[in-house]
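# Structural characterization, general
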Amino acid sequence: MLRQVQEGLRRETAKKLRFVPGIIYVDEGAVCGQSPAEREETLLQMEAILRASGFPYHLARLEEVFDLPGSVLQRGPHRPAGPGASYKEAVESFIHQHRQAEGGAPERLAELSTRAMPGAETPGGRGARPLAAARTEQLLQLFGSVKTLTAKEELLQALRTHLILHTARAQGYSKVLMGDSCTRLAVKLLTNLSLGRGASLAMDTGFSDDRHGDVLVVRPMREYSAKEIAFYNRLFGVPTVLTPALDTRAPEKASIHRVIERFLYGLQAEFPSTVSTVYRTGEKLSAAPGDAGPAPGAAEPERCLLCLCTLDTNVEEGSALQAILVSEQLSGERPPAASPAGPGACAGAAEQRGCCTHATAPRADFLPLLCYGCRLTIKDTACLESLPPYVRSEAARRSRRAAMKQQIQEFLLEDDAVTPGES
């Protein structure tokens, strides 16, 4: 994708791109089994590639999620163009901005290229910067408390998204271009269906994802297969840095992601149109009305605490979800919703280590703030105290607001309670 953007910004290109790109690289080596020396070596290699691209870049470590503010979990306001602005005014504004950018492009680019994340050193000194041992230990403790590889991969994806979103907002970017290929999206489509994320499937695999409001996530590489991208990198000599993933050297059936990936690749070897068929089927999905944002004057829908999608758990009595909750409660896997905080807040070896305190909100109060797919991830997390502080603080804030609303519910007027012309 970086090579495609570079080609699109060349002066000789017929259809030149009209945006100023920036690059972010998230180092996940702490949870993928890399040693500190290997992580520093990878960062040096990535920095050399990003510096050679000529674009402003930002290097971040996954440990920085423990320093994120709570606002990262809040939907930002849309920033569309004003409805009164005419096309001619928009064109004149673009020409003016383009001339200003061309006048100071080298100096501005050099300034942006050396900009670092808040609280970090400049990229030139990152090779000698020591790792934040405390944050790394917290990150390892968090992923160590997760029982299954499937939940670890889902949690890693959520934390990575939060970090990228915060970086885009802090640096003033309005769009984030992801490098998801057609093959990866086909695997993700079937994986999300298996994990109960069908309600947010259109946004997770579609071309654009506007769940964050002010930052739009776009997937421009979704028309290319993984094989086509590999051939392109090979033929044009695109520099590549290989890093281990969370499921590297894991057994074939270690997680749902691995099972679905192996299943699709096996079918693709026998039937070459398998990935394309799955991908084209997912293209027909459309986002739910509540996912695109509230209508003018309407209340903001409740959103998941981790994936920030509209909650899919507000269902009627007698639904499949309600049947699952009743079954869990009868079998003892899920405590009643009104149970106070107590020993049930922690479970297993995490409770024996004393990493959780009874002051933490009980799991029964935490789960209603999540969609069904994220509930499965949290259920496989033994210790909620190991979650990043911004997640726990936002959960406490939403719980307090829900309790306050419950107390004053009888004094509230619904939207349809007052008709026009009445006071």
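Predicted model only: the values in this text are computed from it and were never measured. (Residues numbered from 1 in each chain as written. Predicted model: local features only at pLDDT ≥ 70, side-chain atom pairs only at ≥ 80, totals over all residues. Heavy atoms only, no water.)

## Things to note about the sheet that holds strand β3 (residues 175-177)
On the basis of which strands lie adjacent, the open sheet formed by three strands has the order β3-β5-β4 and mixed pairing. A strand with exactly one partner marks an edge of an open sheet, and here the two such strands are β3 and β4 (208-209). (Pairing = 2+ DSSP bridges. Helix = DSSP H or I, 4+ residues; strand = E, 2+ residues; numbered from the N terminus.)

## What to know about the nonpolar core
Of all hydrophobic cores here, the largest spans 48 residues; its most connected members are F366 and L370. If you list the elements that add at least two residues to this core, you get α5 (133-144), α6 (149-171), α15 (372-379) and α16 (389-407). When residues of this core are assigned to their parent elements, the largest contribution, nine residues, is made by α6. Filtering out sequence-adjacent residues up to four positions away, F366 remains in contact with L305, I378, L384, L387, V391 and A395. Residues L185, A186, L189 and Y279 belong to the second largest nonpolar core, which totals eleven residues. (Core = buried A, V, L, I, M, F, W, Y, C linked by side-chain atoms within 4.5 Å. Buried < 20%, exposed > 50% of the residue type's maximum accessible area, 1.4 Å probe, protein only. Contact = heavy atoms within 4.5 Å.)

## Brief notes about the confidence of the model for the protein chain
Looking at the protein chain as a whole, its pLDDT mean stands at 78, while 74% of the residues score no less than 70. Note on residues 81-88: pLDDT under 50 across the span, and one contact to partners over four residues away in sequence or across chains. Every residue in residues 356-361 is under pLDDT 50, and counting partners more than four places away or in other chains gives eleven contacts. (pLDDT = per-residue confidence, 0-100.)

## Side note on helix α2 (residues 36-53)
For α2, spanning 18 residues, the distance from its first C-alpha to its last is 26 Å, which sits close to the expected 26 Å at 1.5 Å a residue. Of the residues making up α2, those classed as buried are R39, E40, T42, L43, M46, E47, L50 and S53. On an axial view of α2, the arc spanned by its buried residues comes to 160°, and they lie on one face. Turned more than 90 degrees away from the buried face of α2, the exposed residues are A37 and A52. Buried positions along α2 lie against α1 (2-8), β1 (23-27), β2 (57-61) and α5. One or two positions beyond α2, positive phi appears at G54, with a value near 85°. (Expected span 1.5 Å × (residues − 1). Arc of directions from axis to C-beta.)

## Here's the deal with the packing of helix α10 (residues 256-270) against helix α11 (residues 274-283)
As a packed pair, α10 and α11 sit with axes 8 Å apart at the nearest point and diverge in direction by 120°. Classified by the angle their axes make, α10 and α11 are oblique. Together, L264, L267 and Q268 of α10 and T274, V275 and V278 of α11 make up the contact between the two elements. (Axes fitted to C-alpha atoms, helices over the stretch in contact; angles between N-to-C directions. Parallel < 35°, antiparallel > 145°, perpendicular 65-115°, else oblique.)

## Things to note about the side chain of R211
Examined against the element boundaries, R211 turns out to sit in the loop between β4 and β5 (216-218). Setting aside residues no more than four positions away along its own chain, R211 makes contact with R75, M203, D204, R303, C307, L308 and C309.

## Quick look at the packing of aromatic side chains
Considering all chains together, one arrives at one aromatic pair under this definition. Taking 4.6 Å as the distance between ring centres and 35° as the angle between the ring planes, the aromatic pair formed by Y232 and F236 counts as tilted. (Phe/Tyr/Trp six-rings, centres within 6.5 Å; stacked < 30°, edge-to-face > 60°.)

## Observations regarding the pairing of β2
Burial analysis of β2 places five of its five residues in the buried class, the great majority of the element. Burial along β2 is two-sided: Y57, L59 and R61 and H58 and A60, pointing in opposite directions, are all buried. When β1 meets β2, the two strands line up parallel, connected through five bridges. Each bridged residue has a counterpart across the sheet, and for Y25 the counterpart in β2 is L59. The parallel pair β1 and β2 is bridged by α2, and the resulting crossover is right-handed. (Right-handed = clockwise from strand over helix to strand, strands pointing away.)

## Considering the pattern of salt bridges
Per the stated rule, a full pass over the model turns up 23 salt bridges. Of the charged contacts in the structure, one is a salt bridge between E283 and R280, with a shortest N-O distance of 3.1 Å. On the criterion of helical spacing, the pair formed by E283 and R280 is a turn pair, its members being three residues apart in helix α11. The partly exposed category is assigned to R280, whose relative accessible area is 38%. Between R392 and E385 there is a salt bridge; the shortest N-O distance is 3.6 Å. According to the relative accessible area criterion, R392 is partly exposed, its value standing at 27%. (Salt bridge = Lys/Arg side-chain N within 4 Å of Asp/Glu carboxyl O.)

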